[in-house]
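Residue-level structural notes
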Amino acid sequence: QVQLVESGGGFVQAGGSLRLSCAASGRTLSTYAMGWFRQAPGKEREFVGYISRSGSRTYYADSVKGRFTGSRDNAKNTVSLQMNSLQPEDTAVYYCAATLCMLDCSRSDPGEYGYWGQGTQVTVSS
């Protein structure tokens, strides 16, 4: 199994930036494609972004496209999410997740991901 530990959440004013990190242990992170999800109070878990095993491919939800950028450093066993131009509607608990799925994967479906971090709170004030 792979264990995922997130960091970087916090409080920021609208228009500000945060960088989230997800560190893996137990397995080599390059084995997994990675997803970012978020969940606001009273809402279902929502897809944010995806990054392939090599980092060569990324996909983002329309709600964050152009503002969020995912990256990974397999040598350091980490993935990151740079969040710019944050807005109050971005307030949520953010999770990183890992999947072994390689073909015909949803990417945006939480059910495709078998391993999850503990989540980190991001709060954006107006």
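Data block above holds the structure.
The present account deals with the structure reproduced in this document.

Conventions we followed
Residue numbers run consecutively from 1 along every chain, following the written order of its sequence. Where totals are concerned, whole chains, interfaces and linings use all residues; where local detail is concerned, this predicted model gives features only for residues with pLDDT of at least 70, and gives and counts side-chain atom pairs only at 80 or more. Side-chain metrics rest on all non-hydrogen atoms present in the structure, leaving aside hydrogens and water. Runs of E in the DSSP output that reach at least two residues are strands. Runs of H or I that reach at least four are helices, and both are numbered from the N terminus. Note on classification: 1.4 Å probe, protein chains only; a residue is buried when its accessible area is under 20% of the maximum for its type, exposed when over 50%, partly exposed between these limits. Note on contacts: a residue pair is in contact if any heavy atoms of the two residues lie within 4.5 Å. Surface accessibility in these figures is a Shrake-Rupley result with a 1.4 Å probe; residues are shielded only by whichever protein chains are displayed. Definition used in this section: a nonpolar core is a set of buried Ala, Val, Leu, Ile, Met, Phe, Trp, Tyr and Cys residues joined via side-chain atoms within 4.5 Å. Here, any two strands with at least 2 DSSP bridges between them count as paired. All axes here are fitted lines through C-alpha atoms, helices being fitted over the stretch that makes contact, and every angle between N-to-C directions spans 0 to 180 degrees. The charge count treats Lys and Arg as positive and Asp and Glu as negative. His and the chain ends do not count. In the sections that follow, a salt bridge refers to a side-chain nitrogen of Lys or Arg positioned within 4 Å of a carboxyl oxygen of Asp or Glu. Contacts described as polar in this section are N or O atom pairs within 3.5 Å, which, within protein, must combine one atom able to donate a hydrogen with one able to accept it, while residues neighboring in sequence count only if both atoms come from side chains. Disulfides are defined as cysteine sulfur pairs within 2.5 Å. Each Phe, Tyr or Trp ring, with Trp reduced to its six-membered ring, pairs with another whose centre is within 6.5 Å; inter-plane angles below 30 degrees give stacked pairs, above 60 give edge-to-face pairs, and intermediate values give tilted ones.

Thoughts on the overall build of the chain
The helix and strand inventory of the chain stands at zero helices and eleven strands. Principal-axis analysis of the C-alpha atoms gives the chain an extent of 40 × 30 × 25 Å. Looking at the chain as a whole, 43% of its 126 residues are labelled buried. Sequence separation of 24 or more characterises 59% of the internal contacts of the chain that already satisfy a separation of 6 or more. Accessible surface, the chain: about 6,500 Å² in total, of which carbon and sulfur atoms supply 47%.

So, the nonpolar core
Core analysis: the biggest nonpolar cluster contains 34 residues, and L4, M34, W36, F68, L81, M83 and Y94 have the highest contact counts within it. Secondary-structure elements contributing two or more residues to this core are β3 (18–25), β4 (33–39), β5 (46–51), β8 (78–83), β9 (92–99) and β11 (120–125). With five residues, the single largest contributor to this core is β9. Sequence-distant contacts of L81, that is, excluding residues within four places in its chain, are made with L18, R19, L20, W36, V48, F68, T69, G70 and Y94.

Some thoughts on the sheet that holds strand β1 (residues 3–7)
The strand order across the open sheet built from four strands is β1-β3-β8-β7, with neighbouring strands paired in antiparallel fashion. This sheet does not close on itself; its edge strands, each paired only once, are β1 and β7 (68–73). The sheet shows a mean angle of 15 degrees between the axes of neighbouring strands, direction not considered.

Digging into the side chain of R72
Here R72 shows up in strand β7. Buried and unpaired, R72 has no salt bridge, with D73 as the nearest side chain of opposite charge at 8.4 Å. Looking at R72, its side chain comes within polar contact range of the main-chain oxygen of Y32, at 2.9 Å. Of note is the side chain of R72, whose polar atom sits 2.9 Å from the side chain of N74. With sequence-adjacent residues up to four places away left out, R72 is seen in contact with L29, S30, Y32, A33, M34, I51, S52, R53, S54, G55, T78 and V79.

What to know about the state of the cysteines
Across all of its chains, the model carries two disulfides by this definition. Along the chain, the cysteines engaged in disulfide bonds are linked according to the scheme 1-2, 3-4 when indexed in sequence order.

Overview of the pattern of salt bridges
Charged atoms that come close allow side chains of opposite charge to pair. The full count for this structure, using the stated rule, is four salt bridges. For R38, the salt bridge is made with E46, and the minimal N-O distance between the two is 2.9 Å. Taking relative accessible area as the criterion, R38 reaches 6% and is therefore assigned buried. A single network of salt bridges, built from pairs that share partners, joins R38, E46, R67 and D90.

A look at the packing of aromatic side chains
Scanning all chains against the criterion turns up seven aromatic pairs. Geometrically, the ring pair formed by Y32 and Y115 is edge-to-face, given 5.7 Å between the ring centres and 75 degrees between the ring planes. Of this pair, Y32 sits in the loop between β3 and β4 while Y115 sits in strand β10 (residues 115–116); the two residues are 83 residues apart in sequence, bridging distant segments of the chain. Overall, the relative accessible area of 4% leaves Y32 in the buried class.

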